[in-house]
Amino acid sequence: MTARLNIVPFVSVDHMMKLVLAIGVDRFLTDLAGYIEEDFRRWALFDKTPRVASHSVDGVIELMPTSDGRLYGFKYVNGHPKNTRDGRQTVTAFGVLADVGNGYPMLLSEMTILTALRTAATSAVAAKYLAPKGADCMAIIGNGAQSEFQALAFKALLGVNKLRLYDIDPAATRKCADNLAGLGFEITSCASAHAAVEGAQIITTVTADKQYATILTDNMVGSGVHINAVGGDCPGKTELHRDILLRSQIFVEYTPQTRIEGEIQQLDADHAVVELWEVMAGTAEGRANNQAVTLFDSVGFATEDFSALRYVRDQLARTGLYEELDLLADPDEPRDLFGMLLRAANQG
């Protein structure tokens, strides 16, 4: 990769797709999960803050920053559920990785596709610690843009090969089933959320509407189930009935953020939860027993984006799947920025 100070590697959507396909989706998810888990285990090193959010009636725009003291990363991401009606993505994103020592960006990358991959990989990492052992059947309620990634991550990391799909829009379920056909799944398309959870050891909810919703009611969740709640990720947006939370072991990424954005916004501010890194470090218990209901209240946290950017950057030298972006001013004399502008005028 170039050592010119003005050049920053840029991974476009086209290059990201080529990168994922060159590595292979399963391998990409598995390797990415390793980076995410590694950074969770380094939790104490990271700057941590709830994401900076700008809310409107239509959605939210957020910045998600963090640093491990050596590298700095941030992601710009939006969430606009109504976008689908206009033929747009509900979530778009890009991210930057930089050198803490000099502040220079080291990578600029699309993160719409990468966020879908890192969200799914994080879900599967959590389930590795929390789901019932040997679980091979997962219900996915909400069959939009994230659903296939979730299915593939759980298959790659946990061996889940039976899927029960439901969406209020049958076309979304058909899309998901068609996309996953031939990829090693036994797929059942269901007529209701109640039907989808029958026999499932893992329930993934990944819906998009920005509202207090009840995708799962208490009577739908039996003992021994692991719930992977992905869709609730901002104030006023939930998927689970409060009664489910009250009888679940609840695990989160970063508690101050999840209390604002996650399912636990429905609970008292002092309701006991466990951060996922604590389970990985062995300082907190995971699943208590075979009858326990475990809930990963996933809202997405900046360290996961940091891990994803770090992983992508590590693949660039050998794949060459990036562009050189002339992003930084690099005058011959660092203090003579205006002189650089004058020389450009003279060259014109």
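Preceding block: the structure.
Starting from 1, residues in each chain are numbered consecutively following that chain's sequence as written. Residues qualify for local features only when their pLDDT is at least 70, as the model is predicted, and side-chain atom pairs are given and counted only at 80 or more; totals for whole chains, interfaces and linings, by contrast, use all residues. To obtain the side-chain values, all non-hydrogen atoms of the structure were used and water was disregarded.

### Structural notes on the nonpolar core
The nonpolar side chains of a soluble globular protein tend to be buried, and buried together. Rule in force here: In this description, a nonpolar core means a group of buried Ala, Val, Leu, Ile, Met, Phe, Trp, Tyr and Cys residues linked to one another through side-chain atoms lying within 4.5 Å. For the exposure calls, accessible area comes from a 1.4 Å probe over protein chains only, and a residue counts as buried if that area is under 20% of its type's maximum, exposed if over 50%, partly exposed in between. Runs of H or I in DSSP of at least four residues are treated as helices and runs of E of at least two as strands, each being numbered from the N terminus. Residue contacts follow a heavy-atom distance rule, with two residues in contact if any of their heavy atoms lie within 4.5 Å.
The biggest cluster of nonpolar side chains holds 65 residues, and the ones touching the most others in it are F28, L32, L114, L163 and V312. It is helix α3 (residues 112–130) that contributes the most residues to this core, 9 residues altogether. The residues contacting L32, other than those within four sequence positions of it, are L117, R118, A121, S307, A308 and Y311.

### Structural notes on the sheet that holds strand β15 (residues 274–275)
Operational definition: Pairing between strands is defined by DSSP: at least two bridges between them are needed.
As summarised here, the arrangement of the 8 strands in space is β9-β8-β7-β10-β12-β16-β14-β15, forming an open sheet in which the pairing is parallel. The strands lining the two open edges of the sheet, one partner per strand, are β9 (186–189) and β15. Pairing between strand β7 (residues 137–141) and strand β10 (residues 202–205): 4 bridges, direction parallel. Paired with I140 across the bridge in β10 is T204.

### Quick look at the sheet that holds strand β2 (residues 52–55)
Note the following rule: Only the stretch in contact is used when a helix axis is fitted, and all axes are lines through C-alpha atoms; the angle between N-to-C directions ranges over 0 to 180 degrees.
Strand order across the open sheet formed by 7 strands is β2-β3-β4-β5-β6-β1-β17, with mixed pairing between neighbours. Only two strands of the sheet have a single neighbouring strand rather than two, namely β2 and β17 (323–326). Looking at each pair of strands side by side, their axes are set apart by 20 degrees on average, direction ignored. Relative to strand β4 (residues 71–79), strand β3 (residues 60–67) is paired through 8 bridges, and the arrangement is antiparallel. Bridge pairing in β4 places E62 opposite V77.

### Some points on the packing of helix α2 (residues 25–41) against helix α10 (residues 302–319)
Each packed pair of helices is defined by two parameters, the angle between the axes and the distance between the axes. This is how the line gets drawn: Every angle not falling under 35 degrees, over 145, or within 65 to 115 is termed oblique; those three ranges are roughly parallel, roughly antiparallel and roughly perpendicular. Left-handed describes a crossing whose near helix is turned anticlockwise from the far helix through less than a right angle; right-handed describes the clockwise counterpart. Side-chain classes are defined by residue name, with Ala, Val, Leu, Ile, Met, Phe, Trp, Tyr, Cys and Pro counting as nonpolar, Asp, Glu, Lys and Arg as charged, and the others, Gly among them, as polar.
Their axes nearest at 9 Å, the elements α2 and α10 cross at an angle of 125 degrees. Of the possible angle classes, the one that applies to α2 and α10 is oblique. Where α2 crosses over α10, the two elements pack in a sense that is right-handed. Of the residues in α10, those in contact with R27, F28, D31, L32, Y35, I36, E38, D39 and F40 of α2 are T303, E304, F306, S307, A308, R310, Y311, V312, D314 and Q315. Considered class by class, the residues forming the contact of α2 with α10 number 9 nonpolar, 3 polar and 7 charged.

### As for the packing of aromatic side chains
By convention here, two paired aromatic rings are described through the distance between centres and the angle between planes. Here is the rule: The pairing test for Phe, Tyr and Trp rings, Trp by its six-membered ring, is centres within 6.5 Å, and the orientation test on the planes gives stacked under 30 degrees, edge-to-face over 60, and tilted for anything in between. Only lysine NZ and arginine CZ atoms are considered, and such an atom sits over a ring when it is within 6 Å of the ring centre and within 35 degrees of the ring normal.
A full pass over the atoms with the stated rule returns 9 aromatic pairs. Ring plane angle 40 degrees and centroid distance 5.6 Å describe the contact between W43 and F301, whose orientation is recorded as tilted. Placement of the pair is W43 in the loop between α2 and β2 and F301 in the loop between β16 (294–297) and α10, with a sequence separation of 258 residues. Accessibility assignment for this pair places W43 and F301 in one class, buried. One aromatic cluster is present, built from ring pairs that chain together F40, W43, Y254, W277 and F301. Over the aromatic face of F185 sits the side chain of K155, whose NZ or CZ is 5.9 Å from the ring centroid.

### As for the side chain of T66
We apply this condition: Residues adjacent in sequence count toward polar contacts only when both atoms are side-chain atoms; beyond that, a polar contact is any pair of N or O atoms within 3.5 Å, and within protein one must be able to donate a hydrogen and the other to accept it.
When you line up the elements, T66 lands in strand β3. Using a relative accessible area of 2% as the deciding quantity, one classes T66 as buried. Among the polar contacts made by the side chain of T66, one reaches the main-chain carbonyl oxygen of D47 at a distance of 2.5 Å. Apart from residues lying up to four places away in sequence, T66 is in contact with F46, D47, L71, Y72, G73, A302, T303 and F306.

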